[in-house]
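# Tertiary structure, described
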Amino acid sequence: MGRAFQNRKESMAKTQGQKTKVYSKYGKEIYVCAKNGGVDPDGNLALRRLIEKAKKDQVPTHVIDKAIDKAKGGGGENYETARYEGFGPGGCMVIVDCLTDNTNRTIKDVRQAFTKTDSKIGGPGSAAHMFDHQALFSFKNDDEEAVLEALMMADVDVTDIENEDGMMTVFAPHTEFFKAKTALSEAFPDINFEMEEITWVPQTYTSISGEEDLANFEKFINMLNDSDDVQNIYHNAELDD
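Below: a short report on this structure.

### Some thoughts on the overall build of the chain
If you tally the helices and strands in the chain, you get eight helices and ten strands. Each principal axis of the C-alpha distribution contributes one length, and for the chain these read about 50 × 50 × 30 Å. Counting the 241 residues in the chain, one finds 46% classified as buried. A total of about 12,200 Å² of accessible surface is found on the chain, and carbon and sulfur atoms cover 47% of it. For the chain, the distance from the average position of its 27 positive side-chain charges to the average position of its 43 negative side-chain charges is 10 Å.

This is the structure we're talking about:
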């Protein structure tokens with residue numbers, strides 16, 4: 001699971017290289033999270049996680065502060081969440097999470113990405129049932145027993161642990177995010193999380209190979225990322241070089 005997940009993560013990182021788009025997407029998500037759950041990160045754990053994730057992705061402090069200040073004002077845009085699911089190039093399964101103030105525009109953007117890359121948009125639940133909503137942590141450590149013991153002692157419900165070449169990946173239910181992070185941080189004071197997020201983890205992977213499917217997959221991801229309304233893309237594609 002870990003290697004394929006890294007593969008997915010790297011393919012997304014390449015297509016999200018435009019900093020201004022990344023800043024804009026974080027700004028929108030932080031604004032909505034603060035507006036709905038409160039502007040104090042100590043009282044709004046989802047906001048705290050989002051701010052930490054933004055900082056790790058090198059989003060400038062002024063972008064974060066501006067989004068929170070905007071939420072304090074109470075007015076501003078009204079965004080709603082929208083999720084689209086379907087089958088991408090090569091038959092891979094895809095979940096697209098959006099924040100939008102215009103659902104007609106959003107569905108048009110998302111549908112275009114599917115139709116122009118020989119993909120098929122599906123109904124709610126058509127892909128999500130093949131993913132697990134998980135908290136995921138990756139960090140350098142080669143003592144699987146010590147990591148598992150630290151999590152067990154803190155009564156964390158661990159889904160899976162993988163150790164590949166000294167890189168530990170811990171999977172837990174999404175509700176256990178802060179419990180797991182606290183347990184790992186207390187057990188290993190020098191820990192440096194290379195990844196720490198709540199995400200959709202595929203139960204199985206679909207290998208994408210062949211020049212046409214690989215080109216279509218890249219085009220598909222790029223088209224989705226070009227939409228200002230798309231926040232996150234999750235898929236189970238494993239790209240064959």
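### Here's the deal with the sheet that holds strand β4 (residues 131-140)
Strand order across the open sheet formed by four strands is β5-β6-β4-β7, with antiparallel pairing between neighbours. This sheet does not close on itself; its edge strands, each paired only once, are β5 (160-164) and β7 (193-202). For this sheet, the mean angle separating the axes of adjacent strands, direction not counted, is 20 degrees. Across nine bridges, β4 lies against β7 in antiparallel orientation. In the strand pairing of β7, Phe 131 is matched with Pro 202. Sheet strands touched by helix α6 (residues 144-153): β4, β5 and β6 (167-173). Its angle to β5, the strand with the most contacts, is close to 155 degrees.

### Focus: the packing of helix α5 (residues 103-115) against helix α8 (residues 211-226)
Viewed as axis vectors pointing N to C, α5 and α8 meet at an angle of 170 degrees, and their least axial separation amounts to 9 Å. When the axes of α5 and α8 are compared, the pair comes out roughly antiparallel. Taking contact as the criterion, the partners of Val 110, Gln 112, Ala 113 and Phe 114 in α5 are, on α8, Phe 220, Met 223 and Leu 224. Along the lines of polarity and charge, the residues of the contact of α5 with α8 split into six nonpolar, one polar and no charged.

### Focus: the side chain of Lys 25
Within the fold, Lys 25 resides in helix α2 (residues 19-37). Those residues in contact with Lys 25, other than ones at most four positions away along the chain, are Asn 225, Ser 227, Val 230 and Gln 231.

So, how was this worked out
- Residues numbered from 1 in each chain as written.
- Predicted model: local features only at pLDDT ≥ 70, side-chain atom pairs only at ≥ 80, totals over all residues.
- Heavy atoms only, no water.
- Helix = DSSP H or I, 4+ residues; strand = E, 2+ residues; numbered from the N terminus.
- Buried < 20%, exposed > 50% of the residue type's maximum accessible area, 1.4 Å probe, protein only.
- Areas by Shrake-Rupley, 256 points an atom, 1.4 Å probe, with all protein chains shown as cover.
- Lys, Arg positive; Asp, Glu negative; His and termini not counted.
- Charge placed at Lys NZ, Arg CZ, Asp CG, Glu CD.
- Pairing = 2+ DSSP bridges.
- Axes fitted to C-alpha atoms, helices over the stretch in contact; angles between N-to-C directions.
- Contact = heavy atoms within 4.5 Å.
- Parallel < 35°, antiparallel > 145°, perpendicular 65-115°, else oblique.
- Nonpolar A, V, L, I, M, F, W, Y, C, P; charged D, E, K, R; others polar.

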